[in-house]
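Observations on the three-dimensional arrangement
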Amino acid sequence: MTYAITQTCCNDATCVAVCPVNCIHPTPEEPDFGRTEMLYIDPKSCIDCGACADACPVDAIFPADALRPGQEAYAAVNAAFYEDRAPREAPAGGPVFHAWGAPSFERSLPSDFGRLRVAVVGTGPAGMYAAEDLLLHTDAEVTLVDRLPVAGGLVRYGVAPDHPATKRIGDTFARFHTHPRVRMYLGVEVGTHVTAEELAAHHDAVVYAVGAAGDRRLGIPGEERTGSVSATEFVAWYNAHPEVAPEAIDLSRTERVVVVGTGNVALDVARILVADPEALAATDIADHALAALRASAVREVVLLARRGPEDLACTAPELLALGQLPGVRLVVDDHDPRVWAAVEEAGPRDKAALLRGALRERVDWAAPAGAERRVVFRFHSAPEEILDGAVRVTGGTRTDTGSGSGSGSEVIPAGLVLRAVGYRGLPVADLPFDGATGTVPHTGGRVEGRPGTYVVGWIKRGPSGGIGANRGCAAETVSTLLKDAVAGALPAPTGTVRGFDRLARRRAGHVVDARGLAAIERAERALGEEAGRPRVKLGTLPELVAAARGRRRAAR
């Protein structure tokens with residue numbers, strides 16, 4: 001028997017570190033690490049020890065012969081990764097004996113070095129990987145700062161509720177919330193409650209892990225219409241983000257939704273829109289979103305792609321999951337001969353090949369959406385204009401096989417258009433900002449022209465890579481920070497720990513610490529138990545602050 005890595009792989013390579021026979025690839029030392037959609041176990045090398053499954057923070061690894069329904073394909077997916085790779089020579093003396101390299105302690109400080117105080121702004125994956133690195137490799141004190149009164153960032157507000165295994169990475173981060181060298185200040189916004197200069201004055205270094213909270217624009221007429229919403233807002237809505245109102249999304253008046261884009265976020269929102277609401281009731285989806293989905297009129301979601309199936313932006317695991325939704329039909333609009341030709345010509349490792357099981361149909365957009373729930377891929381089509389209750393797209397009926405001639409435009413009726421063409425970083429208070437890339441200019445994580453200031457995550461490298469990609473990103477930034485510390489390049493703080501505590505509490509008013517965060521966790525789980533759900537998220541700032549103080553939400 002061998003093990004297989006499945007859809008929820010986070011790519012942080014925890015499993016690689018514990019494998020005794022080096023059968024999980026790519027490893028962080030290999031050039032394709034971070035470029036593949038997931039990690040893969042070599043079935044010919046696996047010795048069935050189970051160490052990887054025990055270490056996996058998101059429960060993505062299972063025995064191949066015990067894969068759950070819908071996951072069976074991952075045994076073949078893992079094996080296929082090794083089909084065209086050069087075979088590795090077996091280590092001398094048996095499979096568990098490796099020629100290990102010399103030990104390396106790149107992220108460390110001399111034993112006689114003074115204790116650093118480092119502030120980490122943002123408690124999502126990037127910030128928590130940076131905090132973890134500092135806490136495990138040095139004796140630094142870490143101050144966690146977040147503008148919201150609850151921790152989690154992308155894990156809490158970005159991961160789809162029907163991916164609970166992915167959310168379990170939050171349990172790994174949560175163990176550091178109560179670490180004896182950690183102080184937590186939730187509900188404190190840098191640039192509003194404290195300035196960047198004030199934060200820096202109380203710490204040896206500051207690491208900004210603020211993510212990419214904005215969204216890319218389409219740049220077409222009608223983009224500001226009422227029926228046009230960014231996927232970032234929609235994701236925040238169904239995840240109970242306190243800055244998105246429950247009434248922000250209305251699903252009761254439209255049978256068809258158009259989603260512009262085919263990345264993982266586009267597939268997430270499509271899946272949530274057509275999934276069985278009763279299945280979602282077993283997740284932590286926002287109460288208001290669950291109610292809206294139960295009353296939803298949506299029966300069809302159209303995924304609009306500018307290019308063809310060979311250029312799908314989503315990962316293969318997410319596409320596989322979309323095709324396995326109970327009671328949902330997957331359709332490919334056959335309006336252009338290039339579309340199905342690309343599906344038929346796709347190789348076994350090409351994502352387009354996963355669409356062969358979809359229904360091939362020339363969709364009549366003038367007809368109303370049918371009674372069945374379905375997701376339609378519309379390739380070689382770009383939005384031209386968002387109208388009232390519709391979207392005009394390029395790529396009308398096409399009868400030739402040329403590259404451009406013969407294509408026109410079509411109008412697809414839709415009461416809601418979701419723009420899922422990418423996240424974008426926003427300017428950070430008092431830091432330099434590259435408007436073209438949506439990132440803070442840096443060198444190895446060091447902010448240019450700001451000694452003692454660093455960045456990590458999407459604000460550092462742009463909105464690319466999943467949760468696990470932040471681990472290597474954080475390692476680079478922390479390495480740079482520690483090198484600067486040893487070189488004496490960090491400005492000496494002029495403020496004290498108590499001084500910052502007084503400043504933050506005086507300015508912010510409602511600061512939530514680790515004890516308050518634990519109270520929020522208890523309150524949400526208690527509400528969930530009452531409702532027969534794993535948890536009920538508190539969706540407003542007053543509710544979160546009240547729960548942090550030990551007050552129960554008023555009965556509805």
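Above this note sits the structure.
Figured I'd write up the structure that's included with this text. (Residues numbered from 1 in each chain as written. Predicted model: local features only at pLDDT ≥ 70, side-chain atom pairs only at ≥ 80, totals over all residues. Heavy atoms only, no water.)

1. What about the overall build of the chain?
Across its full length, the chain holds 19 helices and 23 strands. Taken over C-alpha atoms, the radius of gyration comes to 25 Å for the chain, in line with the 24 Å a tight globule of 556 residues would show. Considering only C-alpha atoms, the chain reaches an extent of 75 × 65 × 50 Å along its principal axes. In the chain, which comprises 556 residues, the proportion classed as buried is 53%. In the chain, once contacts between residues fewer than 6 apart in sequence are set aside, the share between residues at least 24 apart is 74%. Split by element, the accessible area of the chain, about 24,300 Å² in all, is 51% carbon and sulfur. Across the chain, the centroid of the 61 positively charged side chains sits 5 Å from that of the 70 negatively charged ones. (Helix = DSSP H or I, 4+ residues; strand = E, 2+ residues; numbered from the N terminus. Rg over C-alpha atoms; globule rule 2.2 N^0.38 Å. Buried < 20%, exposed > 50% of the residue type's maximum accessible area, 1.4 Å probe, protein only. Contact = heavy atoms within 4.5 Å. Areas by Shrake-Rupley, 256 points an atom, 1.4 Å probe, with all protein chains shown as cover. Lys, Arg positive; Asp, Glu negative; His and termini not counted. Charge placed at Lys NZ, Arg CZ, Asp CG, Glu CD.)

2. Thoughts on the packing of aromatic side chains
The geometry of an aromatic ring pair comes down to the distance between the two centres and the angle between the two planes. Applying the stated criterion across every chain, the model contains eight aromatic pairs. Judged by centre distance (5.5 Å) and plane angle (85°), the ring pair of Phe 234 and Tyr 238 falls under edge-to-face. Here Phe 234 and its partner Tyr 238 are both found in helix 9 (residues 231-238), four residues apart, which amounts to about one turn of the helix. Just as Phe 234 is buried, Tyr 238 falls in that class too. A ring pair is formed by Tyr 423 and Trp 458, whose centres lie 5.4 Å apart and whose planes are at 50°; its orientation type is tilted. Of this pair, Tyr 423 sits in strand 20 (residues 423-424) while Trp 458 is found in helix 15 (residues 458-461), placing the two residues 35 residues apart along the sequence. Grouping residues by exposure puts Tyr 423 and Trp 458 together as buried. Here the aromatic residues Tyr 40, Phe 81 and Tyr 82 are joined through ring pairs into a cluster of three or more. (Phe/Tyr/Trp six-rings, centres within 6.5 Å; stacked < 30°, edge-to-face > 60°.)

3. Re the environment of Thr 496
Relative to the elements of secondary structure, Thr 496 occurs in the loop between helix 16 (469-486) and helix 17 (497-508). Note on Thr 496: relative accessible area 45%, which makes it partly exposed. Each C-alpha atom of the pair Thr 496 and Ala 201 lies 8.6 Å from the other, and the pair is 295 residues apart in sequence. Apart from residues lying up to four places away in sequence, Thr 496 is in contact with Arg 117 and His 202.

4. Brief notes about the packing of helix 4 (residues 125-137) against helix 16
Where helix 4 contacts helix 16, the axes come no closer than 8 Å and their chain directions differ by 50°. Looking at the two axes, helix 4 sits oblique to helix 16. Crossing of helix 4 over helix 16 shows right-handed handedness. Where helix 4 abuts helix 16, its residues Pro 125, Ala 126, Tyr 129, Ala 130, Asp 133 and Leu 134 lie against Asn 470, Arg 471, Ala 474, Ala 475, Val 478 and Leu 482. Across the contact of helix 4 with helix 16, the residue classes break down as nine nonpolar, one polar and two charged. (Axes fitted to C-alpha atoms, helices over the stretch in contact; angles between N-to-C directions. Parallel < 35°, antiparallel > 145°, perpendicular 65-115°, else oblique. Left-handed = near helix turned anticlockwise from the far one by under 90°. Nonpolar A, V, L, I, M, F, W, Y, C, P; charged D, E, K, R; others polar.)

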